[in-house]
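Each chain is listed here by its residues.
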Amino acid sequence: MNRYSSLLEDLAENRLLRTCEVPSAALINFSSNDYLGLAHDPRLKQVAIQAIEEEGTGASASRLITGTSQRIQDLEVTLAKWHHTEAALVLNSGYQGNIAILQGLLKPGDWVFADRLNHASLVDGCLLSKAKLLRYLHLDLSDLEQKLKEAPESATKWIVSDSVFSMDGDHPDLGALATLAERYNANTLIDEAHAAGLFGDTRAGLCEQQRIAHRITLQVGTFSKALGGFGGYVCGSEVLVQTLVNQARGFIFSTALPPAVIAAAREAVQIVQTDGAPTVKLWQNVRHFREACSDHNLVLPAHESAIIPIEMGETDLALGMSEKLRDAGFLVRAIRPPTVPPGTARLRISLSASHTPTDIERLTETLAQLLPRGSERDS
Ligand SMILES: *Cc1c(COP(=O)(O)O)cnc(C)c1O
């Protein structure tokens, strides 16, 4: 027991103790990943309720026993078309899916090359696979290439990266990454968790937007962010999907997602695929926020993303700012180590199609009052 209480005390002393808090409904939420406002969309609610009425609340078994429904298979067909691939597989969450995929496809003796700032689920999946893991500098494709050169030609290689990085909002040059992969005969897994719904002609993500979906081995995503629901998925070749069905323990040994969740996911994908309006609204809001910040002389990172980090450095500063914003009526969570590297604690602002122009203007005015600006930031 002692060990655990002193761990908690240490965390508290360093202001790194985490607690689960119910966010106050009175605050305007700028920390949600519900980018398109779909989590409260009446169409999703309606199909979810109907699915419960028809099929009940639980899937009753894992996919390989009795958990595969027509509904899930229809969703998988929809996903494969959306991501321009042969096949797709629904997984029980983004986190659990990444672990299942990497464990299911990689084995000792394989080499995996991972961006240093990849999401924890990708890191954990790489570790669980027992493949040789090399982490390259964030977005640094020349460092990636150096590392690719170290692997024997005959080794099975995977390059694994977020598309849009969850805590920074930046992304790799995916075309150049695909070219490197081809040169070194490596497979690629790109996690579109923060890009699906946001980028591309049918909003499938950055691989679609950059017209390289056919050059990427696996595109991974989640229903829990822009799609307003819950669950994960992977899109790729029929052979790889069938390999996962046979080898991915996270797929084989877990009960299938409930009918309501599947129904909402399919409805969300169909809405996002056919109706660009919520995404247009989101990008208008992003632009509005950036312009308002620039009017107030607030310097933001340059990349185009719905995730806008404001780096504060030390944990105390980020927490203090988050508290002040809460007092002013905004929910903007501070992100601390180990979610981000030490010394890079930050506010992470995420914009949504459901924010109003007034929400955005009020937040930027408050930020302008609270934050050091422009050149003052460096002094
Ligand atoms: C959020 C996230 C996940 C996890 O998805 P869940 O469905 O919430 O488990 C996986 N990968 C990335 C890059 C993420 O940002």
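Residues numbered from 1 in each chain as written. Predicted model: local features only at pLDDT ≥ 70, side-chain atom pairs only at ≥ 80, totals over all residues. Heavy atoms only, no water.

Visitor: Hey, could you go over the pattern of salt bridges for me, with residue numbers and the actual values?
Guide: According to the stated counting rule, one finds 12 salt bridges in the structure shown. Put simply, Glu54 and Arg71 hold a salt bridge, and the shortest N to O gap is 3.0 Å. Of this pair, Glu54 sits in helix H2 (residues 42–55) while Arg71 sits in helix H4 (residues 70–82), and the two are 17 residues apart along the sequence. The closest approach of N and O atoms between Glu182 and Arg215, which form a salt bridge, is 2.8 Å. In this pair, Glu182 is assigned in helix H8 (residues 174–183) and Arg215 in the loop between helix H9 (206–209) and strand S7 (218–222), connecting sequence segments 33 residues apart. The partly exposed category is assigned to Glu182, whose relative accessible area is 45%. (Salt bridge = Lys/Arg side-chain N within 4 Å of Asp/Glu carboxyl O. Helix = DSSP H or I, 4+ residues; strand = E, 2+ residues; numbered from the N terminus. Buried < 20%, exposed > 50% of the residue type's maximum accessible area, 1.4 Å probe, protein only.)

Visitor: Kindly report on the site of the ligand, identifying the contributing residues and their values.
Guide: Around the ligand, a shell composed of 14 residues is seen, among which Gly94, Asp191, His194, Thr222 and Lys225 lie nearest. In the environment of the ligand, an oxygen atom lies 2.7 Å from a nitrogen or oxygen atom belonging to the side chain of His194. The side chain of Ser224 places a nitrogen or oxygen atom 3.1 Å from an oxygen atom of the ligand. Burial of the ligand by the surrounding chains reaches 86%, relative to a free accessible area of 380 Å². Looking at the shell around the ligand element by element, the count peaks at three residues for helix H5 (residues 94–105). Across the shell around the ligand, the residue classes tally to two nonpolar, nine polar and three charged. (Near = heavy atom within 4 Å. Polar contact = N/O pair within 3.5 Å; in protein donor to acceptor, adjacent residues only side chain to side chain. Areas by Shrake-Rupley, 256 points an atom, 1.4 Å probe, with all protein chains shown as cover. Nonpolar A, V, L, I, M, F, W, Y, C, P; charged D, E, K, R; others polar.)

Visitor: Residues and numbers for the nonpolar core, please.
Guide: One finds Leu79, Phe289 and Leu367 to be the most contacted residues of the largest nonpolar core, which totals 88 residues. In terms of residues, this core owes the most to one element, helix H12 (residues 259–274), which gives eight residues. Here Leu367 is in contact with Phe289, Leu298, Ile310, Leu325, Leu347 and Ile349, once residues within four sequence places are set aside. (Core = buried A, V, L, I, M, F, W, Y, C linked by side-chain atoms within 4.5 Å. Contact = heavy atoms within 4.5 Å.)

Visitor: Could you give an account of helix H10 (residues 238–247), with specific residues and numbers?
Guide: Along H10, the residues classified as buried are Leu240, Val241, Leu244 and Val245. Here the buried residues of H10 occupy an arc of 145 degrees about the axis, which is enough to place them on one side. Of the exposed residues in H10, the ones pointing more than 90 degrees away from its buried face are Val239 and Asn246. (Arc of directions from axis to C-beta.)

Visitor: Describe helix H13 (residues 277–295), listing the residues and the values that go with them.
Guide: Taking 1.5 Å of rise per residue, the 19 residues of H13 would be expected to cover 27 Å, and the 27 Å separating its terminal C-alpha atoms lies within 8% of that figure. Residues of H13 that are buried include every one of Pro278, Thr279, Leu282, Trp283, Asn285, Val286, Phe289, Ala292 and Cys293, and no others. In this fold, the buried residues of H13 make contact with strand S9 (307–313), strand S12 (345–350) and helix H15 (357–370). Residue Asn297 follows H13 closely and has a positive phi angle near 65 degrees. (Expected span 1.5 Å × (residues − 1).)

Visitor: Account for the sheet that holds S9, with residues named and values stated.
Guide: Remark on secondary structure: sheet strands pair via backbone hydrogen bonds, oriented parallel or antiparallel. Read from one edge to the other, the open sheet built from three strands follows the order S9-S12-S11, with strand pairing classed as antiparallel. Looking along the sheet, the strands with just one partner apiece sit at the ends: S9 and strand S11 (334–335). As paired strands, S9 and S12 are joined by six bridges and run antiparallel to one another. From the neighbouring strand, Glu311 faces S12, where its bridge partner is Arg346. (Pairing = 2+ DSSP bridges.)

Visitor: Which residues make up the confidence of the model for the chain, and what are the values?
Guide: Looking at the chain as a whole, its pLDDT mean stands at 95, while 98% of the residues score no less than 70. Under a pLDDT of 50 for its full length, residues 375–379 has, in the predicted model, four contacts with residues more than four places off or in other chains. (pLDDT = per-residue confidence, 0-100.)

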